[in-house]
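Reading the structure
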Amino acid sequence: MPDPVGELLGRRMRSETDDVSLGPQLVPHIYADAVAARRRRRIVVSAGGGLVALVLAAAGAVATLGSRQPATTSAPTAPAIRTTTPATGSVQPARPYQWASTLPTDVSPQVPYVSHGVLFGPGFSYAIPSGDGGVVGRVRDGVVLHQFGTPAMATPYVVVSAGSARARPLPPPVPGAPGGAALSPDRARIAYGGRVVEVATGRTVARFPGDEKSVFGWLRPGIVYLDARGRARLWRPGTQPRTLPIRVSGAPGDGAVLLDTVRRSCGRVVEVSRTAILTTQYQACDDADPVGLSPRGTVVLTRGGQAVDLHSGHRAAVPIPLIEAAARGQVAWEDERTVVFPVYSRGGSRVRFVRCTTSTGACTLAGHSMRSYRSEFMR
Amino acid sequence: MAEPEPGFRRFVESRSTALLRTAVLLCSGDRGAAERLVRTATTKTYLAWGRIRRPEAAEPYARSVLARAALGRTQPARPAPGAPGTLTTAALGPEDLARLEDRLELWPYLAGLPGLQRAVVVLRYHDGLCDDEIAQVLTCSRRVVTAAAADALAVLRQQGGDA
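This write-up is about the structure you can find in this document. Keep in mind it's a predicted model, so treat the numbers as computed, not measured. (Residues numbered from 1 in each chain as written. Chains lettered and ligands numbered in written order. Predicted model: local features only at pLDDT ≥ 70, side-chain atom pairs only at ≥ 80, totals over all residues.)

1. Thoughts on the interface of chain A and chain B
- Facing the 40 residues of chain A at the interface are 45 residues of chain B.
- Broken down by secondary-structure element, the contributors of at least two residues to the side of chain A that touches chain B are α1 (4–17) and α2 (26–48) of chain A.
- By residue number, the principal contributor to the side of chain A that touches chain B is α2(A), which donates 12 residues.
- In the side of chain A that touches chain B, the residues fall into 20 nonpolar, 10 polar and 10 charged. (Contact = placed C-beta atoms within 7 Å. Helix = DSSP H or I, 4+ residues; strand = E, 2+ residues; numbered from the N terminus. Nonpolar A, V, L, I, M, F, W, Y, C, P; charged D, E, K, R; others polar.)

In structure tokens:
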């Protein structure tokens with residue numbers, strides 16, 4: 001006999017996931033993983049029939065391949081952000097990669113980013129030993145990088161110094177601690193892996209309450225994380241965490257604003273106080289549903305392809321590739337009005353960066369095209 | 001870079017979205033974790049491609065790897081401590097169901113379930129598998145599947161029944 005509660009649950013699960021679609025990078029990654037895994041297996045099998053020395057040599061090759069092309073990478077936990085459906089009426093190039101090449105050329109991204117296993121920072125580059133990584137953010141003397149690797153690296157978080165392009169490891173995450181990392185608004189501390197660490201000294205200055213599942217961000221009022229029961233929590237080290245009665249979909253900057261999913265296709269921008277009091281700054285549905293937010297929360301990117309200035313009410317049409325990148329969490333804000341985001345060639349083998357001004361919607365090509373192997377994480 | 005064979009590519013291009021949706025539910029809405037699960041499942045499927053003789057068998061195989069990998073993230077396939085299926089199973093009236101529909105917040109609900117219960121409700125109510133198929137996927141007995149589903153739904157019934 002059909003169970004009405006089960007049917008209700010099934011309906012809700014389908015409605016919550018029917019806008020989940022593949023990002024441009026997932027299929028290329030699947031192919032890369034599959035080919036690398038089969039190559040590793042062939043090496044091991046061929047070595048198995050040979051001499052012990054040959055086996056040892058093959059194991060070395062497997063280890064090398066494993067570190068460069070992991071089949072199951074340990075990536076940072078990112079907040080789940082819905083993929084948008086492009087709306088009509090805004091700039092929607094059929095081929096974003098080709099569209100980018102028609103834009104006037106501008107300087108390279110002014111934010112650190114990772115492309116093809118190399119961290120590019122202001123005036124330096126750093127080849128990531130594990131072959132892949134993501135930028136956590138800029139600090140006083142460099143960039144905090146999360147190195148991915150399989151198996152998980154002992155010290156995945158490092159500070160890459162801007163001057164020397166050398167990496168200084170931060171303490172390892174607490175065993176069993178969840179993923180996600182966030183820098184404090186003053187960039188002096190970082191929260192990850194169950195710890196709060198002073199970036200300059202590497203000293204652990206606080207431990208998480210122990211109920212965290214993933215870290216969303218570190219705003220002025222405190223650290224926002226999701227607990228094991230799925231609740232959003234606001235925590236200032238040294239105090240008790242407070243529950244935020246919202247479904248956080250993004251905590252993008254250093255200010256005090258969050259993106260909250262009200263219901264399907266409806267979201268709002270809320271300002272959070274130190275005592276977890278919420279003030280709604282913006283709320284809308286469908287095409288006006290917010291999918292991106294500037295660091296201080298003054299500019300909202302909407303699902304329908306507009307940038308809305310919350311102070312002046314000014315609206316400008318922005319390209320749909322920017323909105324799609326915002327939905328994937330791949331938009332970096334160079335300042336409160338300027339964004340940089342990646343667009344990929346068909347198949348995802350090459351990437352170009354595009355810079356747009358949200359007040360006008362005008363865009364330029366930020367540097368030249370590059371080989372693309374992993375997602376470009378930019379902060 | 002070399003590319004996998006056409007059959008596998010057709011499978012990935014046609015079924016990855018469905019696998020990703022299941023994975024998002026198994027990961028309680030965590031898109032990043034879901035993508036990693038899909039990559040793990042498709043890689044293992046590719047390694048077994050020679051043994052998967054029929055193209056239509058690829059998706060059940062991948063789904064099975066996906067569910068077991070998701071379970072491995074949380075806990076092994078065994079029932080939660082305590083007697084299974086002992087929570088309230090009282091039927092809800094139309095008003096209770098309407099109240100439940102209003103109150104149900106999917107992601108916190110799924111995140112709050114033990115891994116086995118979450119996998120069972122996703123496979124049963126989202127993917128439409130019967131209990132025998134779920135037992136096969138999760139390598140456990142049918143009784144464990146039935147009890148896990150009952151306990152997972154009991155949490156919802158409680159929400160709907162609370163005035």
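Back to the text.
2. Some words on the nonpolar core
Residue and element names in this part refer to chain A.
- Ranked by size, the top nonpolar core spans 77 residues in total, and within it L119, V144, I190, A191, V224 and L322 carry the most contacts.
- If one sorts the elements of this core by residue count, helix α5 (residues 320–327) sits on top with 6 residues.
- Beyond its immediate chain neighbours, meaning those up to four positions away, L119 contacts P112, V114, S125, Y126, I128, G133, V135, V143, L145 and V160. (Core = buried A, V, L, I, M, F, W, Y, C linked by C-beta atoms within 7 Å. Buried ≥ 20, exposed ≤ 12 C-beta atoms within 10 Å, placed from the backbone.)

3. Topic: the sheet that holds strand β21 (residues 290–293) of chain A
All names here are of chain A.
- In spatial order, the strands read β21-β22-β23-β24; together these 4 strands make up an open sheet with antiparallel pairing. The open sheet has two edge strands with one neighbour each: β21 and β24 (315–317). For this sheet, the mean inter-axis angle between neighbouring strands, taken without regard to orientation, is 25°.
- Sheet analysis places β21 next to strand β22 (residues 299–302), joined by 3 bridges and oriented antiparallel. When the sheet's bridge partners are listed, P290 is paired in β22 with T302.
- Running over the sheet, α5 touches β21 and β22 and is turned about 85° from β21. (Pairing = 2+ DSSP bridges. Axes fitted to C-alpha atoms, helices over the stretch in contact; angles between N-to-C directions.)

4. Some details on unusual backbone geometry
Residues and elements named next belong to chain A.
- Even without a glycine there, the phi angle at R187 is positive, about 65°.
- Of note, R187 is situated in the loop between β9 (181–183) and β10 (189–192).
- The backbone of D286 shows a phi angle near 55°, a positive value even though the residue is not glycine.
- Note that D286 resides in the loop between β20 (278–285) and β21.

5. A look at the pairing of strand β4 (residues 124–127) of chain A
Residue and element names in this part refer to chain A.
- In terms of strand pairing, strand β3 (residues 118–121) meets β4 through 4 bridges, oriented antiparallel. Its bridge partner being in β4, F120 is matched across the sheet by S125.
- In this antiparallel pair of consecutive strands, β3 and β4, the connection spans 2 residues, and G123 shows a positive phi of 80°.

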